[in-house]
Amino acid sequence: MHVVAQPFWLHKVGNAPEEYEDAVWPEQLTDQEGKLFRFAVADGATETSFSGVWANILVRACGRGQLKDRNLPKSLPRLQKEWLTSVSLRAQPLPWYAEEKLRDGAFSSLLGLTIGPATADSGKSGRWKAVAIGDSCLFQVRDDHLITAFPLENAQQFNNRPVLVSSNPTGNGRVAADISNKSGEWQPHDIFYLMTDALACWFLRRQEEEGSAIVCLSDIETPARFAQFVQEEREQLDALGRPCLRNDDVTMLRVKLF
Amino acid sequence: MAYSAEISRHNPCCLVFLIDQSRSMRERFGHGEYTQSKAQGVADVLNRLLFNLVLRCAKSEGVRDYFYVAVVGYGHPVGTLFGGVLAGKELVPVSILADNPLRIERRERLFEGGERSVVNFPIWIEPKAYGWTHMCEALSIAEKLVDQWVIAHPKSYPPLVFNLTDGGATDGDPVPIARAIMAKSTMDGDALSFNLHLSSRSPRIVQYPASDSWLPEQYAVRLFSMSSVLPNAIADGLRQEGLGLQAGARAFVYNSDLASVIQLLDIGTRPSNLR
């Protein structure tokens with residue numbers, strides 16, 4: 001199986017680039033032959049501290065196959081320790097609010113995708129599986145048609161309070177119940193998109209209203225073109241006067257199968 | 001679409017709290033489990049609110065000034081309640097608040113999952129209950145702050161003014177001043193006026209009414225008329241908490257207990273577009 005995975009990202013307007021808090025795996029363009037591939041995106045919550053660090057720990061673990069399938073909570077303690085060690089090494093002593101933020105922990109969405117090997121009988125198609133917490137989304141496109149949207153299926157399902165996974169062990173009371181899993185079949189020339197929520201919401205809304213989201217994205221091959229596209233959509237207003245693309249960190253990983 | 005402006009460092013949000021500190025605030029709440037005075041209850045709620053605001057704005061590199069906050073007490077005297085380094089300052093950015101509480105106490109906090117831990121509890125506001133109810137004077141200060149704000153920040157989320165009181169004004173009719181505040185606007189909408197009435201007597205709470213028909217006292221009718229119609233985002237937030245609101249529901253709670261105060265302050269200061 002030949003896979004080309006290309007990440008695109010842009011920070012929120014009004015923030016500095018280093019304040020970007022999404023994460024993606026792989027971080028660089030990947031063009032490889034192989035039997036099995038893993039990909040991930042994560043969106044660190046704005047209101048928590050060191051959430052970018054947490055998002056990166058999650059996607060790295062996902063990309064390296066270190067998260068237990070169907071039992072994500074059991075994989076978390078080691079990652080939570082890694083986060084705490086990483087942020088505790090920073091400037092000391094901490095102001096009172098930084099102490100409290102560490103105590104509260106960071107929160108993030110997570111979307112992981114595994115593309116399995118071609119099955120023996122077909123030789124040309126195989127199975128994929130995905131895990132999701134929160135509102136980062138996976139879209140599977142075949143012949144310019146959207147055939148899978150996961151875990152959210154329409155733009156109205158997005159809200160401002162998704163369940164997120166926490167770097168604090170006591171902050172994951174609801175997570176187990178809100179982990180979603182899905183699997184399906186891949187075929188050659190399928191394209192998978194992994195997106196964090198702002199772009200995912202844009203995608204579903206544009207696809208619902210105009211059917212043109214897939215065509216829009218197929219035109220993007222470079223970071224500069226992606227930045228131009230994001231700027232245009234942030235500036236364009238819908239019928240209610242809202243930006244078509246909400247101002248937020250934007251991340252997209254496009255995975256093409258050959 | 002109104003009340004949808006993004007809150008950011010370039011486009012911060014203005015919060016003004018007006019706190020009744022008249023003599024009657026020494027009494028306890030008329031219902032609920034809180035056993036201390038209304039003055040202590042309100043001070044605790046405000047300190048907790050400011051604590052949460054600072055945490056919401058605190059990032060790895062420091063505290064981002066998403067909010068500017070004023071807390072004005074009215075009893076005797078009338079004026080800003082910030083003290084210490086912040087004494088005399090009216091509207092303070094949240095980063096300055098974060099670094100300058102009066103003191104930090106250590107209190108026990110219950111976390112999700114049942115774990116208890118001793119945490120930092122900064123104190124900015126001290127309880128006080130002395131003098132008459134100079135609400136008009138406090139509202140005039142709020143009007144000045146809101147007026148200056150909308151001129152300096154024409155694109156911001158509209159200013160929010162919260163008035164916590166246990167009775168009627170003793171220095172005149174507050175309604176015209178409150179309406180003057182509500183008439184000031186940014187490009188995102190009119191300033192919002194919230195009124196929470198704190199009672200020591202009757203247990204019947206009236207939450208977010210759409211009409212003043214059921215209000216038994218004249219000063220309650222006045223507080224109703226001083227209250228904005230709730231924007232959809234805030235009304236939806238309250239509905240998600242299980243409250244059934246009618247169309248045209250006002251930002252007003254009569255005979256509020258401490259829990260209702262906490263609920264409205266939390267939802268009212270949580271504009272949905274600071275994610």
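Each remark here, short or long, concerns the structure printed above.
Asker: What exactly am I supposed to notice about the pattern of salt bridges here?
Answerer: For the structure shown, the criterion picks out 27 salt bridges over all chains. With a closest N to O distance of 2.8 Å, glutamate 19 of chain A and arginine 9 of chain B form a salt bridge. With glutamate 19 of chain A in the loop between β1 (2-10) and β2 (22-25) and arginine 9 of chain B in the segment before β1 (13-20), the pair connects residues from two separate chains. Taken together, the salt bridges that share partners define one network made up of Asp44, Arg103, Glu105, Arg107 and Glu126 of chain B.

Asker: Can you walk me through the packing of aromatic side chains in this structure?
Answerer: What characterises a pair of aromatic rings is the spacing of the ring centres plus the angle enclosed by the ring planes. Under the definition given, this model contains 17 aromatic pairs over all chains. With a centroid separation of 5.7 Å and an interplanar angle of 20°, the aromatic rings of tryptophan 96 of chain A and phenylalanine 51 of chain B are classed as stacked. Placement of tryptophan 96 of chain A in helix α3 (residues 96-104) and of phenylalanine 51 of chain B in helix α1 (residues 38-57) is noted, with the two residues assigned to different chains. Accessibility expressed as a relative area gives 8% for tryptophan 96 of chain A, which makes it buried.

Asker: Is there a simple way to think about unusual backbone geometry in this case?
Answerer: Peptide bonds are trans in most cases, and residues, glycine excluded, mostly fall at negative phi. All names here are of chain A. In this structure, proline 26 follows tryptophan 25 across a cis peptide bond, with omega equal to 0°. With respect to the helices and strands, the residue proline 26 is situated in the loop between β2 and β3 (30-33). Following phenylalanine 150, the chain continues into proline 151 via a peptide bond in cis, with omega recorded as -5°. As for its placement among the helices and strands, proline 151 is situated in the loop between β8 (145-150) and β9 (165-166). Phi at aspartate 143 is positive, roughly 50°, even though this residue is not glycine. Tracing the backbone through its elements, the reader meets aspartate 143 in the loop between β7 (137-142) and β8. A relative accessible area of 64% places aspartate 143 in the exposed class. Its identity as a non-glycine residue notwithstanding, aspartate 144 has a phi of 65°, on the positive side. With respect to the helices, strands and loops of the structure, aspartate 144 is situated in the loop between β7 and β8.

Cut-off values and rules
- Residues numbered from 1 in each chain as written.
- Chains lettered and ligands numbered in written order.
- Predicted model: local features only at pLDDT ≥ 70, side-chain atom pairs only at ≥ 80, totals over all residues.
- Heavy atoms only, no water.
- Salt bridge = Lys/Arg side-chain N within 4 Å of Asp/Glu carboxyl O.
- Helix = DSSP H or I, 4+ residues; strand = E, 2+ residues; numbered from the N terminus.
- Phe/Tyr/Trp six-rings, centres within 6.5 Å; stacked < 30°, edge-to-face > 60°.
- Buried < 20%, exposed > 50% of the residue type's maximum accessible area, 1.4 Å probe, protein only.

All quantities given are derived from atomic positions and should not be read as evidence of function.
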